[in-house]
Structure formats: C-alpha cells, structure tokens
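Understanding the architecture of this molecule
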Amino acid sequence: MAGKTTLTIGIEVNGEQVTHAVEPRTSLADFLRDTLGLTGTNLGCEHGVCGACTVEIDGAPARSCITLAVACDGASVRTTEGLADDPVAEELRAAFKAHHALQCGYCTSGMLVTARDIVMRLPEADEARVRVELAGNLCRCTGYMGVVNAIVAVLAARSPHPRQDP
Amino acid sequence: MAKFGIGQAITRREDQRLLTGAGTYVDDVALPNQTHAAFVRSPHARARIVSIDATNALQLPGVVAVLTGADLQADGIGSMPINPGLKNGAGKDMSAPPYFPLATDEARYVGQAVAVVIAETRDQAEDAAEQVIVEFEELPAITTIEAAAADGAVQLWADAPGNIAAQTQFGDAKACDAAFAGAAHVAKVAFMNQRLVPVSMEPRGTVAEFDTASGRYTMRTSCQNPAGLQKTLAEGILKVPAEKVRVVVGDVGGGFGMKTQLYPEDAVCAYAAKKVGRPVHWRASRSEEFLAGNHGRDQYDEAELALDKDGKILGLRVRIVGNIGAYGSGPGAVIVVAVGPKVITGVYHIPALDLRAKALLTNTNLVGAYRGAGRPEAIYLIERLMDQAAADLKMDPAELRRRNLIQPAAMPYKTLMGEKFDSGNFPHMLDRILELADWKGYEKRRGESKAKGKLRGRAISTFLEWTGVVHEEAVRMEVAADGKVRVYTAMQAMGQGIETSYVQIISETLDIDPDRVEIVQGDSDVAQGIGSMGSRSLYIGGSAMMTASKETIEKGRSLAGDALEASSSDIEYKDGKFTVAGTDVGIDLFDLAGRQPGKRISIDTLQKVDGPSWPNSCHVCEVEIDPETGVVEIVKYTTLDDVGRVINPLIVAGQVHGGIAQAVGQAMLENTRYDPESGQLLTGSLQDYAVPRADDLPDFAQYCDESTPCKINPLGAKGVGELGTVGGTPTVVNAIVDALRPMGIQNLEMPVTPERVWQALRTAKAA
Ligand code: FES
Ligand code: FES
C-alpha cells in the first residue's frame with residue numbers, strides 16, 4: 001500500500017547533483033522520466049527484460065526500470081541526455097546513422113548505453129561477441145544488423161591495430 | 001540536388017532526435033493537471049459481471065473516479081465498430097458481440113477491461129484498481145480453434161452459429177475436383193500458424209483531454225493512422241461529429257499493424273477526460289500489451305496441391321480456419337477470410353482453386369493486423385506445400401518452382417482469386433537468387449557441416465505480397481514565402497523512415513535543397529487520409545509526394561507566367577526557379593509564393609493508384625542443426641527483393657532485415673499460449689514470450705532488383721514494409737525440415753524450438 005513515506009536521496013544525474021524526496025517504490029526510470037523530465041530513457045517492459053531503459057549507474061549499464069531510485073542514493077547516473085557531449089557516444093551516434101541502426105528509435109537510448117559499454121570494455125570484440133553482449137537489449141525493428149555493424153565499425157575505427165579486411 | 005534524391009542511401013532525417021533522447025513518444029507527454037488511468041481487467045476467459053463495487057477504491061489516496069461499463073452505457077458511449085461486408089456461417093451479415101470500451105454484461109477474454117480508476121498518480125491508480133471488487137460468475141469458455149469448431153461446442157454468440165463470425169469461399173470447387181481427379185500426384189500439408197504478439201517496443205499509451213469551451217476532445221496516442229482513429233473515436237464511440245475530436249501523434253515506437261486502430265483504453269481515456277474534467281494519461285504496462293494489445297496470426301490451415309507427372313500444378317485446395325478472438329471488431333475476420341487468400345496462389349500459375357476460409361470466435365484477446373496480416377499465413381502455406389511436393393516428387397524445390405512460375409509475358413496476370421498482378425519477372429528473380437545464394441555450391445557446404453557433426457538444410461521461397469489496402473491518399477503541399485515547402489499528410493512515421501523518403505522524392509522533383517522540405521504529420525487537424533498500413537506509405541504516399549511536387553511546378557509555371565508577363569508555355573523550371581525560355585528573366589519558387597495571396601502556393605493532391613502493388617522476393621536460407629541438442633542455427637540467409645523503384649536502399653534493407661527478424665521469431669521462437677482449461681494467458685511477459693535477440697539472428701545478405709518497376713503508380717515503387725516477414729517464415733521452417741527429411745521428418749510445428757527438433761529426432765530414431 002502506498003503510504004506517505006518518502007525518503008530523500010542525493011544523486012548525481014548527468015553531472016548535476018540532485019536532492020529529492022522519493023517514495024521507496026519509485027523506480028529509477030520513473031524518477032528520471034517523471035520527476036526530472038528526462039524522457040530520453042524509454043520503458044519497454046518494466047520487468048527488466050528488454051533493455052530499453054538501460055542507463056549508466058556509476059559507469060556501468062543497468063536497467064533503470066528495476067532499480068529503485070532510493071537504491072541510487074549517492075550514486076552517479078548517466079542517461080542518453082548525459083551522453084550528448086561524450087566523444088565515444090558521438091562516434092556511435094554517427095555510426096548508428098550510417099548503418100541504419102535505428103528505425104522507431106524506442107530501443108535506441110538503451111542500445112547506445114550498452115554499445116558504449118561494449119566499445120569501452122571490449123575493444124577486441126568481434127561480431128559474434130557484439131551480438132552476445134547486445135542480447136540484453138531488444139529491438140523489434142531492425143533485426144539488429146545495423147546496430148551490430150555500427151558497433152563493429154566504431155570498434156574498428158578505434159582499434160590501434162586496424163583489422164585486415166578478410 | 002541529386003545527392004539527396006531518389007535512389008540514394010542517405011542517412012535518415014529522423015535519426016538525430018531519436019539518438020539524443022529528444023523524441024516525443026506518447027508517454028513523454030505530461031499535461032498540466034493530468035490524472036492517470038489504471039484498468040481493472042477480467043481474470044476470467046468468460047464470465048458474467050454480477051456487480052462492481054468501488055467503495056474501497058474510492059477511499060484511497062489520490063483517487064478521482066472509478067468508471068465502469070454501466071457509466072459509459074448511461075452516457076451513450078458506442079462499441080468498437082465491426083467491418084461491414086462480411087458474411088457469417090449462415091450467409092447473413094457478420095455478427096459478433098458488441099465490444100464496448102469497458103465490458104458491460106459479460107467479459108469475454110482474460111485481460112478485457114471492465115473498469116477504470118482515475119487517480120492523481122499512476123501508482124495510486126494501480127493501487128486502487130486492485131481494490132475494485134468485481135463479482136464474476138464464470139461461464140464455460142473456449143480458447144482454441146479445435147474447441148470452437150468442435151461438434152456441440154458452446155456457442156459464444158447467438159448470431160454466430162458454429163462460432164463462425166465470418167466465412168468465404170473462392171474459386172471453383174468442381175473444376176478443382178476435376179483437376180485433382182486427373183492428377184499424377186497430390187501433395188498435402190496441415191499445420192497451425194501460431195498466435196503471435198506484435199511487441200512493438202513502445203507499449204500503447206494515450207493522453208486525452210477535453211476542452212469544455214470548444215466541446216472538443218484531443219487525444220494524443222501512439223498510432224499509425226491519426227485520421228482513422230479520429231473518425232472511429234468520434235463517430236463510433238463518442239457519438240460526436242468528427243471535428244469534435246482531434247488525434248495527435250508524436251514519435252511512434254513501432255507499429256507493425258498493431259497500432260492501426262482505436263483500442264478500448266483510448267476510448268475510455270477520452271471519455272474519462274470529459275467526465276473528470278481533467279486530462280487523463282495512460283501508459284500500458286507490458287503485461288497489458290500481452291493481454292490486450294492485438295495479437296496476430298492464429299490459424300489452422302490445410303492445403304492440397306494437384307500436380308501432373310512433370311510437376312506442373314493442376315489445382316490447389318485450401319482450408320483456412322482463423323481464431324479471431326472474442327469480438328468481431330477490427331480487421332481480425334477480414335484478414336482471415338479476405339486478405340490472406342489474396343496471395344494464396346503466390347507467384348505460380350494455378351489453373352484451379354478451391355478455397356474456403358472461416359473466422360471463429362473464441363474467448364481470447366482479439367487477433368488483428370500484425371506485419372503481413374494474412375499474407376504470411378498464406379505464403380507459409382503455399383511455400384511449405386511447394387516444398388512438400390518437391391520432396392514427394394524428389395525434385396529440386398527451385399526447379400519445381402521454376403516450372404510453375406507465372407511468366408513475365410503473362411503480365412498483367414489475373415489470378416483465380418481475381419487479383420491482378422501489374423508487373424513482376426519471377427523467372428529472372430529466381431535465376432538471380434540462385435546465383436546470389438550460391439545454390440549450386442550447397443553440397444560442398446553440406447559436406448562441411450556434416451564433417452562437424454551437424455545436419456544442414458536449405459530452402460528457397462519465391463513469393464509476393466499484396467499491399468495498399470485503400471488505393472488513394474490525399475496530401476497538401478504548400479510552398480511558403482519563408483523558404484519552406486511543407487507537406488501535410490495523414491501518413492504516419494513509425495520507424496519506417498518515410499519522412500526521409502518523402503523528402504528525397506520532393507527535393508528531387510522540385511529540384512530544391514532538402515532542408516527546405518518539412519513533412520508535417522501526426523495530427524488529424526492538419527491532414528485527413530488513410531494513414532500508414534499495409535505497406536502503402538511509399539508506393540501510394542510517396543507517389544502523392546511526387547505528384548504534388550509536379551502539380552506545384554505546373555501551378556507555379558502559370559503563376560510565373562503572370563508574374564513575368566510571359567506565356568506559361570515559355571516558362572521553364574529548374575533549380576527551384578522559373579525562367580522565361582531563352583532569357584535570364586526569372587523568379588525563384590519561394591519569391592513567387594511570396595507574391596501570392598496568403599504568401600503561399602498551395603496544392604491539394606488526391607493520389608489514386610490503380611490497385612495494389614505486388615512486391616515480390618526470393619529468400620534462401622541455410623541452417624545447421626546440432627542433432628545432439630536440437631539447436632538450429634541460421635548460417636546463411638539471402639534475399640533478392642523486387643520492390644520496384646528503390647527510393648532509399650538503406651531504408652529498404654532495414655525494412656527487409658527487420659521483417660525477416662520477425663519471421664524468424666515466428667519460425668523458431670515466439671508462441672502465444674492460453675491455458676486450454678482456464679483460458680489464462682501463459683505467455684504474458686517478455687520472460688515467457690521469446691522475441692529474437694541479437695545473438696539469435698544472422699547477418700542477412702539483402703539485394704534489390706529494380707528491373708521491373710511497378711506500373712500502377714507514378715513512382716514505380718512497390719511496398720516493402722511487410723515483405724521480409726511474409727517470406728521469411730516458410731523459408732526458415734522449410735530449411736529445417738529439409739535437414740530432417742532424411743530421417744523421415746516431414747513437418748515441425750512452429751516455433752521450431754530445440755526441444756521440438758530434439759523430440760522429432762528421437763521419435764524418428766525410435767521408429
Ligand atoms: S523497461 Fe527496463 S528492461 Fe525493459
Ligand atoms: S528501433 Fe524500434 S525497437 Fe529498435
């Protein structure tokens with residue numbers, strides 16, 4: 001049952017410190033979207049399966065729909081809006097355009113956060129590995145080919161040892 | 001200008017805003033003073049509503065109102081309309097229970113909305129919805145085709161004897177019988193085409209408001225056809241003139257046909273907005289999408305093919321039985337008995353046909369349009385049947401197809417379904433795909449798979465599909481003095497990139513910079529038309545863009561003649577400028593607009609096209625199966641698509657890729673199951689319903705063939721949105737069956753999961 005209880009949290013969102021009272025049951029996604037108006041993060045399932053709501057919490061991708069806002073007290077959160085000036089995200093956005101990695105765009109914010117994580121964490125990843133890493137983000141529009149190609153292209157462009165074309 | 005013109009793989013205009021989180025999906029809209037809606041839904045497949053008690057719910061914090069079917073009825077709210085023109089089992093006009101936005105006397109499927117709570121927040125509305133006490137009296141229910149069609153089955157609606165909401169018959173049964181009597185061979189198939197859930201990643205949602213001063217409703221929603229929803233909501237539900245309703249649509253997070261109609265929840269939000277005097281906001285949870293967003297497919301199909309000794313088709317007999325769910329509203333019945341049958345003869349010359357189709361009522365959620373809507377079922381049937389025939393006759397499946405293809409010289413070709421194909425060069429397509437997919441090199445690849453302990457299979461599909469639905473679309477084009485060309489259209493972007501494609505067409509035809517073109521859509525106040533469905537947005541909508549551009553030039557030529565004091569026949573148009581031939585006297589298009597009354601040149605175009613377009617395609621799929629685990633991997637996938645003239649190859653490829661992904665989903669992963677006893681939806685979340693993931697899918701090699709432009713529209717384009725989905729499913733399943741045929745396996749029901757493959761192999765081994 002909904003009580004009147006709220007807790008006050010301090011949380012860094014896209015580089016800005018925010019202090020806010022939240023209900024214990026409020027998800028991080030709802031907090032970002034409804035309280036802070038950061039609607040770039042989308043909700044596809046609200047049960048942790050589709051990945052549309054993926055944001056960065058303390059530098060790692062996480063599902064904001066099943067993360068409680070109160071659990072993020074003291075944490076640093078970055079959403080797609082917060083990636084506006086990020087150079088890796090910028091490379092990814094350009095690659096997403098060039099490879100037609102989005103259609104309706106609903107999965108895209110989550111895809112970008114995951115893609116950025118793949119690029120940073122797995123510089124040597126090949127296509128098969130990218131597909132596995134991306135398997136936590138559902139897209140119903142693209143068949144994933146554009147997304148995979150975009151990520152592979154960014155990895156290749158960033159690689160200090162450019163791969164030979166087979 | 002040609003850099004941005006027709007045929008270029010330019011990147012999409014839509015992308016930047018969607019990549020920066022700046023898109024506006026319906027749930028992103030928050031109106032001042034808005035309330036939130038949560039629905040109370042039936043937990044029973046079929047039950048009489050005895051009473052609804054909202055006393056407790058109304059006392060909870062934040063609750064503004066609880067509304068039921070009785071409230072709506074008292075205010076004269078209508079039911080969701082039934083498509084006219086279909087006949088039921090007794091030959092009378094199709095009849096089905098009235099589908100009220102909130103159930104009144106009887107709930108007919110699990111998840112049907114019976115009441116709504118309006119509260120200050122979504123959480124409060126959901127809390128209170130749990131406290132609305134509904135007394136139900138359970139009634140015997142039916143969820144499957146088998147149960148609905150069984151002798152002595154409960155009849156769910158008095159005017160639907162045999163639970164048949166609608167039925168049709170096509171062809172000539174006698175002629176077909178004669179063809180079968182003279183056949184050297186008869187091939188047969190029978191299987192389910194299982195129920196699917198469209199799963200657009202954006203769930204449905206609606207934000208409705210009512211303005212007392214003007215007496216006008218505004219509904220913001222996620223749909224493919226704002227003008228269509230406006231009419232249904234106004235005239236069918238609220239019983240007000242159409243101009244009293246405005247439907248506004250922002251970014252749409254996927255539609256796939258599922259968002260082509262008004263839903264009960266939309267209607268309730270609009271009604272409630274007036275009732276409570278505040279805006280009402282609703283966003284479907286994913287569970288609500290599974291329960292009550294339209295489903296797709298769900299047919300049991302049987303077919304027989306009569307062939308002569310050389311593999312020439314003599315006749316085709318087809319029986320289609322579709323489960324359309326609990327109500328006859330929406331396109332469910334028409335998909336089963338009319339749309340699917342249009343393509344049942346595929347790309348083959350079939351001299352005799354006997355087709356019967358029935359749409360049955362059951363106590364399940366409604367089946368409606370889902371990418372392909374009837375055509376994937378029909379092409380699955382004919383393509384599985386062709387492979388069965390080839391196997392029976394020990395013939396190469398490509399060769400059997402070749403012998404039966406409609407020849408280009410026969411175009412325009414009329415099928416026994418009465419459909420007219422304007423264009424298509426199917427033998428040429430077949431030749432090319434066999435090259436592109438290295439059909440000849442298959443044995444070597446099979447050997448390599450075998451060396452790894454894997455079973456390899458392959459299949460080819462040659463097919464087409466029907467597009468268009470309604471064969472006209474109106475658009476308005478305005479050249480304004482501010483240097484912009486604005487096009488107002490009822491077509492709706494939902495990821496298919498039509499904004500970009502339209503700009504390409506207009507910028508090339510008007511010979512102006514693409515940045516000058518704006519596409520205005522998503523508002524029933526600014527444009528009336530049919531909207532986006534049935535792969536019509538480009539071949540009809542895009543044609544309208546081209547025609548409007550040409551008409552603008554013609555009108556401009558005559559206005560320029562006046563302005564330049566020359567005969568309009570002496571006016572030339574190039575580079576966005578009218579000039580008097582042989583002089584340098586001229587005027588820029590936008591300057592010319594500035595001189596007109598209202599500072600604009602305005603054109604209303606009604607684009608008519610001469611019928612459906614028939615995009616056609618060939619798919620080749622190769623799979624590898626691990627006989628120990630039953631795991632199937634798609635290792636090679638090639639398509640050659642004739643979508644007529646290509647406006648943007650990048651977008652076409654994306655449409656095909658996404659389409660095949662959904663086809664693979666049906667072939668190998670997705671299944672919607674209702675418990676046959678209780679009628680509960682067993683696959684009600686993304687944890688139970690397997691949407692393809694990145695590592696479930698291969699790379700697709702997609703090619704276009706532009707040698708056969710469409711003849712029935714000025715653009716020469718054919719639809720593409722549904723093509724990949726229509727052909728992908730049979731190709732994948734046929735490839736799997738091909739790998740298993742040596743073990744005596746002829747059929748596997750979809751989805752072909754590892755478990756099903758493994759079981760089939762075990763059974764085959766034991767036999
Ligand atoms: S919305 Fe969070 S995983 Fe789907
Ligand atoms: S682009 Fe539509 S869900 Fe991915």
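Residues numbered from 1 in each chain as written. Chains lettered and ligands numbered in written order. Predicted model: local features only at pLDDT ≥ 70, side-chain atom pairs only at ≥ 80, totals over all residues. Heavy atoms only, no water.

Quick look at the interface of chain B and chain A
- Between chain B and chain A, the contact holds 55 residues from the first and 45 residues from the second.
- Here chain B meets chain A over a buried area of about 4,300 Å², counting both sides, of which 55% is carbon and sulfur.
- The largest contributions to the chain B side of the interface with chain A come from L19, M201 and R693 of chain B, which together make up 17% of the buried area.
- Ionic pairing is found between R283 of chain B and E46 of chain A, a salt bridge with its closest N-O pair at 2.8 Å.
- Our count for the chain B to chain A interface comes out at 27 residue pairs in polar contact (both at pLDDT 80 or more).
- Breaking the side of chain B that touches chain A down by element, the ones donating at least two residues are α1 (15–19), α4 (122–129) and α18 (649–669) of chain B.
- No other element matches the eight residues that α18 of chain B contributes to the side of chain B that touches chain A.
- Split by residue class, the side of chain B that touches chain A holds 25 nonpolar, 16 polar and 14 charged. (Contact = heavy atoms within 4.5 Å. Buried area = accessible area lost by both parts, 1.4 Å probe. Salt bridge = Lys/Arg side-chain N within 4 Å of Asp/Glu carboxyl O. Polar contact = N/O pair within 3.5 Å; in protein donor to acceptor, adjacent residues only side chain to side chain. Helix = DSSP H or I, 4+ residues; strand = E, 2+ residues; numbered from the N terminus. Nonpolar A, V, L, I, M, F, W, Y, C, P; charged D, E, K, R; others polar.)

So, the domain arrangement of chain A
Residue and element names in this part refer to chain A.
- Assigned domains of chain A: these are domain 1 (7–82) and domain 2 (85–158).
- Taken together, the contacts link 15 residues of domain 1 with 13 residues of domain 2.
- Buried surface at the junction of domain 1 and domain 2, summed over both partners, amounts to about 1,100 Å²; 47% is from carbon and sulfur atoms.
- Across the contact surface, domain 1 and domain 2 share two salt bridges.
- We note a salt bridge from E56 to R116, for which the minimum N-O separation is 3.4 Å.
- Between domain 1 and domain 2 we count seven residue pairs in polar contact (both at pLDDT 80 or more) in total.
- In terms of residue count, the dominant contributor to the side of domain 1 that touches domain 2 is strand β3 (residues 54–57) (three residues).
- Here the residues of the side of domain 1 that touches domain 2 sort into six nonpolar, six polar and three charged. (Domains from an automatic or database assignment.)

Regarding the domain arrangement of chain B
Residues and elements named next belong to chain B.
- Taken domain by domain, chain B consists of domain 1 (15–22 + 469–608) and domain 2 (422–467 + 612–767).
- Contact with domain 1, which involves 19 residues of that partner, is made by 20 residues of domain 2.
- Roughly 1,400 Å² is buried in total at the junction of domain 1 and domain 2, and carbon and sulfur atoms are behind 62% of that figure.
- Sorting the residues of domain 1 by area buried against domain 2 places S535, Y539 and M546 first, and these three jointly supply 38% of that buried surface.
- Among the secondary structure elements, those contributing two or more residues to the side of domain 1 that touches domain 2 are α15 (498–510) and α16 (537–564).
- Element by element, the count of residues in the side of domain 1 that touches domain 2 is highest for α16, at six residues.
- Looking at the side of domain 1 that touches domain 2 residue by residue, the classes come out as five nonpolar, 13 polar and one charged.

A word on the pattern of salt bridges
- Applying the stated rule across the entire model yields 72 salt bridges over all chains.
- The salt bridge involving E624 of chain B is made with R456 of chain B; its shortest N-O contact spans 3.6 Å. On the criterion of sequence distance, the pair formed by E624 of chain B in strand β26 (residues 616–625) and R456 of chain B in strand β18 (residues 455–464) is long-range, its members being 168 residues apart.
- With a relative accessible area of 11%, R456 of chain B lands in the buried category.
- Among the ionic pairs, E554 of chain B bridges to R557 of chain B, the shortest N-O distance being 3.0 Å. Here R557 of chain B and E554 of chain B lie together in helix α16, a separation of three residues that amounts to about one turn.
- Take E554 of chain B: its relative accessible area is 45%, and that puts it in the partly exposed class.
- It is possible to trace a salt-bridge network through shared partners that takes in D30, R33 and E46 of chain A together with D27, D28, R122, E126 and R283 of chain B. (Buried < 20%, exposed > 50% of the residue type's maximum accessible area, 1.4 Å probe, protein only.)

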